[in-house]
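So the chains spell out like this:
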Amino acid sequence: NAGVTQTPKFRILKIGQSMTLQCTQDMNHNYMYWYRQDPGMGLKLIYYSVGAGITDKGEVPNGYNVSRSTTEDFPLRLELAAPSQTSVYFCASKRGQDSYEQYFGPGTRLTVT
Amino acid sequence: DAKTTQPPSMDCAEGRAANLPCNHSTISGNEYVYWYRQIHSQGPQYIIHGLKNNETNEMASLIITEDRKSSTLILPHATLRDTAVYYCIVRLRLGAGGTSYGKLTFGQGTILTVHP
């Protein structure tokens with residue numbers, strides 16, 4: 001298993017541009033999450049999904065959108081990039097409600113200038 | 001979810017035990033203690049979790065005080081590869097209700113530096 005994979009690894013955006021961060025897991029996990037981590041800080045939850053077709057907001061959803069059309073994929077969309085969205089973005093997954101361990105991807109480092 | 005307090009940094013000599021404390025004085029009976037770590041530039045990695053009994057796995061041991069207000073993560077023989085930020089997280093026991101959906105609330109953690 002590749003686990004949780006994220007693309008791209010790095011990206012520089014100009015203010016106002018849009019992009020999609022990709023996240024894929026091959027473990028057939030139902031729950032998936034998007035977190036952001038600002039320098040020197042812990043992770044904050046942006047959005048999560050408990051299964052295909054079901055998504056909900058986390059702590060910091062403003063400026064982002066998600067979709068979950070398949071079990072494997074959970075893309076994060078930035079519509080109008082702002083400097084405040086400069087961060088490292090981590091995708092995570094876990095098998096289901098009865099699972100304790102979340103598996104994290106390697107992260108995408110995004111800079112908005 | 002209950003708030004946790006950890007020291008910002010700790011040092012440990014290679015081969016010695018690393019004992020990382022965490023205070024969670026407002027923990028409720030429905031909440032577990034989780035530990036994750038994050039090696040530089042990587043995603044967080046699950047280490048261990050517990051409710052009230054001490055737990056051990058291949059990576060670490062977790063000691064929870066009888067009143068559950070604090071815990072200690074023990075890496076029995078620290079190596080240089082254990083240098084990382086260690087996060088203590090408290091969250092609801094599965095099936096205990098609420099709408100956390102497995103959300104992990106990360107604080108700033110403890111930077112553990114293992115030196116030769």
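Notes on the structure in this doc start here. (Residues numbered from 1 in each chain as written. Chains lettered and ligands numbered in written order. Predicted model: local features only at pLDDT ≥ 70, side-chain atom pairs only at ≥ 80, totals over all residues. Heavy atoms only, no water.)

### Concerning the sheet that holds strand β1 (residues 4–7) of chain A
Residues and elements named next belong to chain A.
Here is step 1 of the chain: Reading across from one edge, β1-β3-β8-β7 is the order of the four strands in this open sheet, with antiparallel pairing throughout. Only two strands of the sheet have a single partner each, and these edge strands are β1 and β7 (64–66). Recorded for the sheet is a direction-independent mean angle of 20° between the axes of neighbouring strands.
Here is step 2 of the chain: As paired strands, β1 and strand β3 (residues 19–25) are joined by four bridges and run antiparallel to one another. Bridge pairing in β3 places T5 opposite T24. (Pairing = 2+ DSSP bridges. Helix = DSSP H or I, 4+ residues; strand = E, 2+ residues; numbered from the N terminus. Axes fitted to C-alpha atoms, helices over the stretch in contact; angles between N-to-C directions.)

### Thoughts on the pattern of salt bridges
Once the charged atoms of two side chains with opposite charge are near each other, the side chains can pair.
Here is step 1 of the chain: Throughout the structure, instances matching the rule amount to three salt bridges over all chains.
Here is step 2 of the chain: Among the salt bridges present, the one from E79(A) reaches R77(A), with a minimum N-O distance of 3.2 Å.
Here is step 3 of the chain: A relative accessible area of 31% places R77(A) in the partly exposed class.
Here is step 4 of the chain: Across the pair R37(B) and D82(B) runs a salt bridge whose closest N-O atoms are separated by 2.8 Å. Within this pair, whereas R37(B) is found in strand β3 (residues 31–38), its partner D82(B) is found in the loop between β7 (70–75) and β8 (84–92), the two being separated by 45 residues in sequence. Each member of the pair R37(B) and D82(B) is classed as buried. (Salt bridge = Lys/Arg side-chain N within 4 Å of Asp/Glu carboxyl O. Buried < 20%, exposed > 50% of the residue type's maximum accessible area, 1.4 Å probe, protein only.)

### Considerations on the side chain of R91(B)
Residues and elements named next belong to chain B.
Here is step 1 of the chain: Within the secondary structure layout, R91 lies in strand β8.
Here is step 2 of the chain: Taking the relative accessible area as the measure of exposure, R91 reaches 2% and is therefore buried.
Here is step 3 of the chain: A distance of 3.0 Å separates polar atoms of two side chains, one belonging to R91 and the other to Y34. (Polar contact = N/O pair within 3.5 Å; in protein donor to acceptor, adjacent residues only side chain to side chain.)

### Focus on the state of the cysteines
Here is step 1 of the chain: Scanning the entire structure with this criterion turns up two disulfides over all chains.
Here is step 2 of the chain: Covalently, C23(A) is tied to C91(A) through a disulfide, its sulfur atoms 1.8 Å apart. Residues C23(A) and C91(A) share a disulfide whose torsion about the S-S bond is about -70°; that sign makes it left-handed. With C23(A) in strand β3 and C91(A) in strand β9 (residues 87–94), the pair connects residues that are 68 residues apart, well separated along the chain.
Here is step 3 of the chain: The disulfide partner of C22(B) is C88(B), and the S-S distance across this bridge is 2.1 Å. Across the S-S bond linking C22(B) and C88(B), the dihedral sits near -80°, which makes this disulfide left-handed. With a gap of 66 residues between them, C22(B) in strand β2 (residues 18–23) and C88(B) in strand β8 connect regions that are remote in the sequence. For the pair C22(B) and C88(B), a shared accessibility class is recorded, and that class is buried. (Disulfide = S-S within 2.5 Å.)

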